[in-house]
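Residues per chain, in single letters:
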Amino acid sequence: MLAHMETTGSIPLFDKYGGLRGLRSVIIDFYDRVLDSDVVGHFFEDVDIAKLIDHQTKFFAAILGGPAEFADQRLANAHRHLDVSHIHFDEVTRILKDTLADAGFVQNDLNLTLSAVEARRSLIVR
Amino acid sequence: MQLQDISARLIQSISVGICLVEADTGVVISQNETFGTWFANSVVGQVWDIDLPNALSDLPSRQPIEVRAKVKRRTLILELSAHKAEHNGTQLIVVEVQNISRLRETEAMIDSYADMVDRRTRELEREKTQVEKLLLNVMPRSVYEEYVTFGSVAPQLFEPVTVLMLDFVGFTKMAAAGDPNVTVSELNEIFTAFDHISELHGCERIKTIGDCYMAVTGLPHPASDHAVSAARAAVKMIRFLERRNQTHEHKWRARIGIATGSVVGSVVGVQKYVYDVFGPAVNMAARLQAQSEPMEITVCETMRDSLLDEFAISPKRNVSLRGFGDTDIARLSEHLAHQRVA
């Protein structure tokens, strides 16, 4: 079981929205919003920038069918020590939705992405 | 508005941090808003109090240095440079700070992406090697290369070649009577040994069907000694079985037929494709194999000349073979001299 999402057409959303070139600003935007959030920002505080960006890039690549895949077990392990609650998870989902909508994701692609994230809730929330 | 005012406002609003320090006293004379946001403990009228790896007075002679500043939750990466200036007879140090966080973030993103792509490339390479290995199991390398280059393989006539056909005596009975796992694993072990023997003698294993093993010499590259090579492989296979039977519970006994002639080689099938050969030599080898007694090798009388020097060939006998009619055949075995050495 891999945490990489199915896509509507034959090409993954990651490629549909321009690959890294097209998604670069979206990833940075998401990172900014997450850090600004009073609900989840503290999770990312004091984390080394390179590490944080690496995390966000791989997160996007994974949820949009880019060149990264995370096994469910790995996702669960990575979040175990963080004490993520449903409120936190909802907040990140909301930020992701806003970011992607502002980046011009069409509704169907947006829904697909969000449901792929939603499907991993039980792995991340304690 | 005076030009001076405009300059002052501009300096306040730009995204570069500016700070003026009196060189002699180290007192901060002026700083813009951006600078103040990044360095909260820098106060105008007080002595410069920013923790840097170098003394402030050393900075003008150095390359820009990288410092970190925390604004709310975000750790910024800033590039700090300084140069000397003079104003109304006072020596000043002008400190200029640029926010290079975005640059570093982009670099980190590219690193991260390159890392992902590298990993994916390695995975694909591994898969490719695996696929190649699998395909090389079912077709000769030259055919595989043709397939990779052109996406298809044209049927090709090979002549002359020699086909070796081997079949086990009573395999069906053995499979039914014993533990099928044991039988199949032993068969696998024997076929693996046959593969080694074939390779040693320039035989190309074409396929196995159940307990039947088929190999060809002179394909895909012509070989003038194709008949001798096939016969050598055949006697080695028999010898291998004889030795194996001495120490194993299950006695494997094979019949072998060897026939020289022509075959057409081609990849058959679209999704589940195999490389296979067809033609009179294949059919003849199958008929000859059926004529063999257990642990015997049967050849066509027409092959006698090419094999005589190296092998013992029995007197010919005439049999009627399906599809071929009356045919002279003979039994091939090792020369006694060889047998003694063995």
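Residues numbered from 1 in each chain as written. Chains lettered and ligands numbered in written order. Predicted model: local features only at pLDDT ≥ 70, side-chain atom pairs only at ≥ 80, totals over all residues.

Undergrad: Which parts of the structure should I look at to understand the interface of chain A and chain B?
TA: In many analyses, interface size is given as the accessible surface area lost on bringing the parts together. Taken residue by residue, the interface counts 16 residues in chain A and 15 residues in chain B. Within the residue set of the side of chain A that touches chain B, elements represented by two or more residues are helix H2 (19-36) and helix H4 (49-63) of chain A. In terms of residue count, the dominant contributor to the side of chain A that touches chain B is H4(A) (seven residues). Among the residues forming the side of chain A that touches chain B, the class breakdown is 10 nonpolar, two polar and four charged. (Contact = placed C-beta atoms within 7 Å. Helix = DSSP H or I, 4+ residues; strand = E, 2+ residues; numbered from the N terminus. Nonpolar A, V, L, I, M, F, W, Y, C, P; charged D, E, K, R; others polar.)

Undergrad: Just to check I follow, could you spell out the sheet that holds strand S5 (residues 90-99) of chain B for this structure?
TA: What links the strands of a sheet is backbone hydrogen bonding, and the strands pair in either a parallel or an antiparallel sense. Residues and elements named next belong to chain B. Reading across the sheet, the five strands line up as S2-S1-S5-S4-S3 and stay open at both edges, with antiparallel pairing between neighbours. Since the sheet does not close on itself, it has two edges, and those belong to strand S2 (28-31) and strand S3 (65-71), each with one partner. Geometrically, the sheet is characterised by an average inter-axis angle of 30° between neighbouring strands, direction not taken into account. As judged from the seven bridges shared by S3 and strand S4 (residues 74-87), these two strands associate in the antiparallel manner. In the sheet register, Glu-66 faces S4, and the bridge partner there is Glu-79. (Pairing = 2+ DSSP bridges. Axes fitted to C-alpha atoms, helices over the stretch in contact; angles between N-to-C directions.)

Undergrad: How should I be thinking about the packing of H2(A) against H4(A) in this particular structure?
TA: All names here are of chain A. Look at H2 against H4: their axes get within 10 Å of each other, and the N-to-C directions meet at 120°. One finds that H2 runs oblique with respect to H4. The crossing of H2 and H4 is right-handed. Contact residues: Leu-23, Ile-27, Phe-30 and Tyr-31 in H2; Leu-52, Ile-53, Gln-56, Thr-57 and Phe-60 in H4. Across the contact of H2 with H4, the residue classes break down as seven nonpolar, two polar and no charged. (Parallel < 35°, antiparallel > 145°, perpendicular 65-115°, else oblique. Left-handed = near helix turned anticlockwise from the far one by under 90°.)

Undergrad: Please clarify how the nonpolar core should be interpreted in this entry.
TA: Nonpolar side chains in soluble globular proteins generally cluster together in the buried interior. If you look at the biggest cluster of nonpolar residues, it comprises 48 residues, and the most contacted ones within it are Val163(B), Leu164(B), Ala234(B) and Ile258(B). The residues contacting Ile258(B), other than those within four sequence positions of it, are Thr162(B), Leu164(B), Ala230(B), Ala231(B), Ala234(B), Ala285(B), Leu288(B), Ile297(B) and Val299(B). With 29 residues, the next largest nonpolar core counts Ala61(A), Leu64(A), Met109(B) and Met116(B) among its residues. (Core = buried A, V, L, I, M, F, W, Y, C linked by C-beta atoms within 7 Å. Buried ≥ 20, exposed ≤ 12 C-beta atoms within 10 Å, placed from the backbone.)

Undergrad: What exactly am I supposed to notice about the pairing of strand S13 (residues 317-321) of chain B here?
TA: Every other side chain in a regular strand lies on the same face of the sheet, so the side chains alternate between the two faces. All names here are of chain B. Here S13 pairs with strand S14 (residues 325-334) via five bridges, running antiparallel. The residue bridging Asn-318 from the neighbouring strand is Asp-328, located in S14. Where S13 folds back on S14, the antiparallel hairpin that results is connected by three residues, among which Gly-323 adopts a positive phi of roughly 90°.

Undergrad: It is not clear to me how unusual backbone geometry should be interpreted in this structure. Could you clarify?
TA: Note on backbone geometry: most residues besides glycine have negative phi, and most peptide bonds are trans. Residues and elements named next belong to chain B. Put simply, Glu-159 and Pro-160 share a cis peptide bond, and its omega is -5°. Mapping Pro-160 onto the fold places it in strand S6 (residues 156-168). Across the junction of Leu-219 and Pro-220, the peptide omega takes the value 0°, indicating a cis bond. Despite not being glycine, Asn-88 has its phi angle at roughly 50°, a positive value.

Undergrad: For this particular structure, what's the right way to read the confidence of the model for chain B?
TA: Low pLDDT marks regions whose predicted coordinates should not be analysed in detail. Residues and elements named next belong to chain B. On average, chain B scores 89 in pLDDT, and the residues at 70 or more come to 98%. Between the elements of chain B, mean pLDDT differs from a low of 52, seen in helix H10 (residues 336-341), to a high of 96, seen in helix H7 (residues 226-247). The ipTM assigned to the predicted complex is 0.81, against a pTM of 0.61. (pLDDT = per-residue confidence, 0-100.)

Undergrad: Explain the confidence of the model for chain A here, please?
TA: Residues and elements named next belong to chain A. Taken as a whole, chain A shows an average pLDDT of 85; of its residues, 92% reach a score of 70 or greater. The secondary structure element of chain A with the lowest average pLDDT is helix H5 (residues 72-80), at 83, and the one with the highest is helix H6 (residues 86-102), at 95. Every residue in residues 1-8 scores below 50 in pLDDT, and together they form 24 contacts with partners more than four places removed in sequence or on other chains.

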